[in-house]
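The lines below spell out each chain.
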Amino acid sequence: MDRKRTINSWLKSEVLLLDGASGTELQKQGMPAGVCPEVWCLENPAILQEIHRAYSRAGSRIVYTASFGANPFKLGQYKIDRSREINRELAILARRSVGRDTLVGGSIGPTGLFVEPFGPLPFEEAVEAFKEQVRGLLEGGVDLFALETMIDIQEARAALLAVKELCDHYTIVTMTLEKNGRTLGGADPVTALITLQSLGADAVGCNCSAGPETMTGYIAAMKPYATVPLAAKPNAGMPILSEGKTIFPMTPGEFSFFARDLVAAGVNILGGCCGTTPDHIRELKKSLAGLAPVSPRRTSLGAISSARRHQLIGLDQPLLIVGERINPTGKKDLQEELLAGKMSLVRKMARIQKADGADLLDVNIGVPGIDETRTLKQAIYGIASSVDLPLVIDSSDPSAIEAALRFYPGRALINSISLEEEKITRILPLAARYGAMIIILPLTGKGIPTGAAEREKIIREIFARARAFGYAKSDIIVDALVMTVATNPELAGEALKVVRWCHDKFKCASLMGLTNVSFGMPGRPWLNSAYLAMAQAMGLTMVIANPASLELMQIKLAGDVLTNRDDKARAYIARLAGKSEEARDAFPPIHTPQEKIFKAILEGSREEIIPLINDALAAGAPAAELMDQVMMKAIGRVGELFEDKVFFLPQLIASAEAMKDGIGRLEGLLRADRHSSDGGTIVLATVRGDIHDIGKNIVALLVRNAGHRVIDLGKDVPAGTVMAAIREHNPDLVGLSALMTTTMTGMKEVIEQARLEGIKCPFVLGGAVVTPAYAQSLGALYARDGVAAVKIIDALVKSRKALNLGRLCKTAAGTARKS
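A. Expanded view of the pattern of salt bridges. Within the structure shown, the criterion is met by 44 salt bridges. Linked by salt bridges that have partners in common, E124, K131, E165, E402, R406 and R433 make up one network.

Okay, structure coming up:
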């Protein structure tokens, strides 16, 4: 049977019902903390099979295999190297547990590592690790795949590619979102949707993140832009501590009450995550009875995305500015940096263009003799960790384009595809494979067509070829092919005719390389600005230009108002009234070596930090001053930007790594007892049974950078080990993390044992499942992220040192009186 066809058939008439939680159900059946869940399931097959059967009897159309953490990296933490075999056996168990009318979805969860460019795991290693799971699950007979609880869009892409490159099974991808409505990597629901549906996911959505009420909002946000069905697997509410146990408070009836809202918001595939049981699914089925699903509202979408931001592209939206500065033509300094493999100038140009108002960035690294494939990947990674703007991949090298599309953490736009045979036969299939939007350039390789009619004919031919690969008009942008008026003034009018034709007749987006029109002429900014105004009146969608041009940006804003593409003139008023949402002076002016170091920390420039510190030291700056007055203040500013949602996790990590390198350079010049005297001592641990330590590792890095001594006990740490560390190091504070609901009680175990032993040092708790109420119930503090943790630690250490100083003063005064 064609399972994909079966699923699509079901989705036309019903909301497809998934199963509920596995982890909390296994825990109820005796699975102890600290074991490898997948191996425990294989050792206790009867328990696992009964859970699968219970969900099937409750009405689940699809049950998930218990293979969530069976990737080589997670299993490796238990010193297990049988990923393929374990996945195969778990799939077989699920298949044997349910009838043929119940489908089996192969569950694939995250590796526990961030994938490049946002972390240490090479992208291709992530893809290959997921392929090991996919191979095993296929051998075990799964009907579809469920890539779930993904926290990083790049890791979700790696997992999706692993499936797509091995089979054509139906694939559901669900992200998990933080309390701020974004993934840990900073992607909002719509951005994640655009990236994943364009890459080939058959359904997209979210799971775990929250209860059904909150998740209804996420589904509603995605629905207007979805070309695929939407999936949701909410928790049974948020976890609370009751009688020493972590519970999810929603009863089956309370949980199922939200079914109508979820369906109205647009959910097509629905189940339960943490805390949900077969009873929850049974009640959910009852609530879904008679509710008609809302199909996707569109078949294509003009939009591109980065890891943290998306940009809609439509005929009636404000004119988009594509920053043109990342192009080595005529830029000797950029050419030299690119040939040397350095990306500091590329990152700088990206940041400046964003501050100037660019909506997208064109990336061209074409230098004679360069390894374009390697360098383009480096440039994309450097930009992706610096700014959140979506990218336009500007290259004529198919190998470089393929590498860029494979690694780019979003949906890219390719510049460009002409009717030249190599472009059509090599680049167009690549664009389709990775779901990129394309710019159509009306060229044939036989010269430049001068008239609009000839260009329109070529555009139709290219689009006909693109349609064979699934492209719709909303997936393309036509380059009007602007030529300089210095050689033939008539050609400017022909390009404008193409723009008008695209908008009025062909109904697709259009683009201009604006500065071409003035090449070789004096007073170029005036020609450019006048031509832009004319093109806007014709319906131009986007323009490749320099956003630093004041004339151009003012014309763009005014043109949007006059063509009714700026709702209530909000953008025009905000900028021209001096109230732009993002001020250009987000970074301070750069003059002194100290200011350059400050900026390097803010920008996360590991290439520059040590040479800049060397320059400052050579100029006579004391190491202690650089540490205290420059670097510590810079990382503090990074924390503020993170809290204000100007920075997200990728920038936070980049800045912390630059800070780490800078500290390494200065350590030998500072007093050996510096940190012990000026900072505090902090013990950090991920509690027993929990092997997830991404968050804890980030906290450790930030706390060290704040000048404190960190005793990092690692992950899966028993309470006794924490007690021993407290007795040995006498810390100012103990930080505990847990990512799984099933391991939250490990925090309670540690704190209760500490109180029994008379240990009074404060505890701070954190992790995706931890709430302020939970921490308070244990008499502990709560930190929502690494930046908040550093603030709490700084305040506690400062207060304790002040208290100790007061005691010393009282002792000294008493001694003086006695003498």
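B. Summary view of the side chain of K223. Here K223 is to be found in the loop between α10 (212-222) and β7 (230-234). Of the buried charged residues, K223 lacks a salt bridge, with D202 as the closest side chain of opposite charge at 15 Å. One polar contact links the side chain of K223 to the main-chain carbonyl oxygen of V294, over a distance of 2.7 Å. Excluding its chain neighbours within four sequence positions, the residues that come into contact with K223 are L230, A265, G266, N268, V294, S295, P296 and R297.

C. Layout of the confidence of the model for the chain. Mean pLDDT for the chain: 90, with 94% of residues reaching 70 or above. This model gives residues 579-588 a pLDDT under 50, and the stretch forms 14 contacts once residues within four places in sequence are excluded. Here residues 805-819 is a poorly scored stretch, pLDDT under 50, and it has 0 contacts once near neighbours within four places are set aside; other chains count.

D. Structural detail: the environment of K179. In this fold, K179 is placed in the loop between β5 (170-175) and α9 (189-199). With 396 residues separating them along the chain, K179 and R575 place their C-alpha atoms 31 Å apart. Sequence-distant contacts of K179, defined by excluding residues within four places in its chain, comprise A768, V770 and Y782. Within the structure, K179 has its side chain in polar contact with the backbone oxygen of V770 (distance 3.4 Å).

E. How the structure looks around empty space enclosed by the protein. By the definition in use, this model includes 4 cavities of 30 Å³ or more. Each pocket or cavity is described by its volume, and for the largest cavity that value is around 60 Å³. Lining the largest cavity are F118, S306, A307, R308, I383, A384, V387, D388, L389, L391, Y408 and P409. Tallied by class, the residues present in the lining of the largest cavity amount to 9 nonpolar, 1 polar and 2 charged.

F. Looking closely at the packing of aromatic side chains. This model, assessed by the stated rule, comprises 5 aromatic pairs. With a centroid separation of 5.7 Å and an interplanar angle of 85°, the aromatic rings of F463 and F506 are classed as edge-to-face. With F463 in helix α19 (residues 452-467) and F506 in helix α20 (residues 490-506), the pair connects residues that are 43 residues apart, well separated along the chain. In this structure, F463 and F506 share a single accessibility class: buried. Seen in terms of ring centroids, W501 and F506 are 4.7 Å apart; in terms of plane orientation they differ by 15°. Their pairing is stacked. Note on W501: relative accessible area 6%, which makes it buried. Among the aromatic residues, those joined into a cluster by ring pairs are F123, Y381 and F407. Over the face of the ring belonging to F407 we find K377, whose NZ or CZ atom lies 4.0 Å from the ring centre.

What counts as what
Residues numbered from 1 in each chain as written. Predicted model: local features only at pLDDT ≥ 70, side-chain atom pairs only at ≥ 80, totals over all residues. Heavy atoms only, no water. Salt bridge = Lys/Arg side-chain N within 4 Å of Asp/Glu carboxyl O. Helix = DSSP H or I, 4+ residues; strand = E, 2+ residues; numbered from the N terminus. Buried < 20%, exposed > 50% of the residue type's maximum accessible area, 1.4 Å probe, protein only. Lys, Arg positive; Asp, Glu negative; His and termini not counted. Polar contact = N/O pair within 3.5 Å; in protein donor to acceptor, adjacent residues only side chain to side chain. Contact = heavy atoms within 4.5 Å. pLDDT = per-residue confidence, 0-100. 1 Å grid on protein atoms, 1.4 Å probe; cavity = no way out; pocket = protein on both sides within 12 Å on 5 of 7 lines; lining within 4 Å. Points joined across faces, edges and corners; volume = space filled by probe spheres on them. Nonpolar A, V, L, I, M, F, W, Y, C, P; charged D, E, K, R; others polar. Phe/Tyr/Trp six-rings, centres within 6.5 Å; stacked < 30°, edge-to-face > 60°. Lys NZ or Arg CZ within 6 Å of the ring centre and 35° of its normal.

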